[in-house]
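Topology and contacts: notes
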Amino acid sequence: ALALAIADDPRPMMEALHRVKAAQPPWLNTRAAGCRARTQVALPGCGWLDLVLDILDADHRVTGEVWVEVKIDAPESGQQLGCYQERACDHFPPAWLITLARAPLRHTVPNLSWNELYQSAMRGPTEGGSWTEQGSWRDLRAFLEEQNVASDELGPISDREAASLEPAYELLQKVSSVVTAIHQKLPDLFAPAVAAKLYWKNSFQ
């Protein structure tokens, strides 16, 4: 699903890569035109790389590769990351190994969190914009939210959300008042023995 989203529009992934908190290779810079995704790429002697991003320059030539080990909740399998790191050191074109996981799997391997990727896609090319309004990035966003992998709970408050705070507070006050009024009317609607059992443990203030 992520590879399909990158094929539709590589910009969110490129934005997210620049968020990785680690020394980044020189070929992964602002002049990179984009990336091309490949999945399940064989790495003889080590296994299979979940995701390989070919970083392209303005002439669409591959200047380097980002090897991405993708995890949700599973731990590292054996010594796969160590093997990948060794192979990346002498690989051509130059390769950079990272993980895409909730949290780093190894302190020696840079990690891009799912929430950082999610936020990059949500933020879009300009403040208040979004790359998740349509297409594969929208579908990926919905999937990550449904599976509780990433969310916008810790994201910045948008103008639309800020503008809705006062109406939301007013609605809460109205609902509270309606429930309180119904609670007070219960003794008049039911027999005393029944009404005595109809109450909330926590009263509304």
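Owing to the predicted nature of the structure, the values given are computational and were not obtained by experimental measurement.

Further remarks concern the overall build of the protein. The number of helices and strands found in the protein is seven helices and five strands. Tracing the protein from N to C terminus, the helices and strands come up as α-α-β-β-β-α-β-β-α-α-α-α. Pairs at least 24 apart in sequence give 50% of the contacts found in the protein among residues at least 6 apart. Summed over its atoms, the accessible surface of the protein is roughly 13,000 Å², and 56% of this surface lies on carbon and sulfur atoms.

Attention shifts here to the pairing of strand β1 (residues 34-43). As paired strands, β1 and strand β2 (residues 47-56) are joined by nine bridges and run antiparallel to one another. Bridged to Arg36 within β2 is Asp54. Where β1 hands over to β2, the hairpin turn is made up of three residues, of which Gly45 adopts a positive phi near 90°.

For the rest of this paragraph, the subject is the nonpolar core. Side chains of a nonpolar character, in soluble globular proteins, are inclined to be buried together. Leu2, Met13, Leu17, Leu53, Ile55, Val66 and Leu117 are the most contacted members of the largest nonpolar core, which has 32 residues in total. Among the secondary structure elements, those contributing two or more residues to this core are α1 (2-8), α2 (11-17), β2, β3 (62-70), β4 (95-100), α4 (114-123) and α5 (135-146). Discounting chain neighbours no more than four positions away, the residues touching Ile55 are Met14, Leu17, Trp27, Leu28, Ala32, Gly34, Cys35, Arg61, Val62, Thr63, Gly64 and Val66. Of all hydrophobic cores here, the second largest spans 13 residues; its members include Val41, Trp67, Ala95 and Leu97.

As used here, a disulfide is simply a covalent bond connecting the sulfur atoms of two cysteines. Going through the model one piece at a time under the given rule, you end up with one disulfide. Disulfide pairing places Cys46 opposite Cys83 at an S-S distance of 1.8 Å. Judged by the torsion about the S-S bond (-80°), the Cys46/Cys83 disulfide is left-handed. Of this pair, Cys46 sits in the loop between β1 and β2 while Cys83 sits in helix α3 (residues 80-89), placing them 37 residues apart in sequence. For the pair shown, Cys46 and Cys83 are each scored as buried.

Time to look at the packing of α4 against α5. A pair of packed helices is captured by two measures, namely the crossing angle of their axes and the spacing between those axes. Taken N-terminus to C-terminus, the directions of α4 and α5 make an angle of 140°; their axes are 11 Å apart at the nearest point. Relative to α5, α4 is oriented oblique. Here α4 and α5 pass one another in a crossing that is left-handed. Residue-level inspection shows Trp114, Leu117, Tyr118, Ala121 and Met122 of α4 in contact with α5, the latter providing Trp137, Arg141, Leu144 and Glu145. Of the residues belonging to the contact of α4 with α5, the class tally is seven nonpolar, no polar and two charged.

It is worth spelling out the pairing of β4 at this point. With six of its six residues buried, β4 lies for the most part within the structure. Taking every second residue as pointing to the same face, both faces of β4 are buried, with Ala95, Leu97 and Thr99 on one and Trp96, Ile98 and Leu100 on the other. In this structure, β3 lies alongside β4, joined through six bridges in parallel fashion. Considered in β4, the bridge of Val68 is made with Ile98. As for the winding sense of the linkage, the β-α-β connection from β3 through α3 to β4 is right-handed.

The rules behind the values
Just so you know, the residues in each chain are numbered from 1, in the order the chain's sequence is written. Given that the model is predicted, a residue must reach a pLDDT of at least 70 before its local features are reported, and side-chain atom pairs must reach 80 or more before they are shown or counted; all residues, however, enter totals for whole chains, interfaces and linings. Heavy atoms from the whole structure form the basis of all side-chain values; hydrogens and water molecules are not counted. Runs of E in the DSSP output that reach at least two residues are strands. Runs of H or I that reach at least four are helices, and both are numbered from the N terminus. By definition, residues are in contact when any of their heavy atoms lie within 4.5 Å. Here the Shrake-Rupley method, with its probe set to 1.4 Å, supplies the accessible areas, and only the displayed protein chains count as covering residues. Here, strands pair whenever DSSP counts at least two bridges between them. Residues belong to a common nonpolar core when they are buried Ala, Val, Leu, Ile, Met, Phe, Trp, Tyr or Cys residues joined through side-chain atoms within 4.5 Å. Only protein chains enter the accessibility calculation, which uses a 1.4 Å probe; a residue whose area is less than 20% of its type maximum is buried, one above 50% is exposed, and one in between is partly exposed. Cysteine sulfur atoms that pair up within 2.5 Å are treated as a disulfide. Lines are fitted to the C-alpha atoms to define the axes, a helix being fitted only along its stretch in contact, and any angle between axes, read from their N-to-C directions, falls within 0 to 180 degrees. To sort the angles, those under 35 degrees are grouped as roughly parallel, those over 145 as roughly antiparallel, those from 65 to 115 as roughly perpendicular, and the leftovers as oblique. Helix crossings are classified by the rotation of the near helix relative to the far one: an anticlockwise turn of less than a right angle makes the crossing left-handed, while a clockwise turn makes it right-handed. The nonpolar class holds Ala, Val, Leu, Ile, Met, Phe, Trp, Tyr, Cys and Pro. Asp, Glu, Lys and Arg form the charged class, and all remaining residues, Gly among them, are polar. By convention, a crossover is right-handed whenever its connection, traced from the first strand over the helix to the second and viewed with the strands pointing away, goes clockwise.

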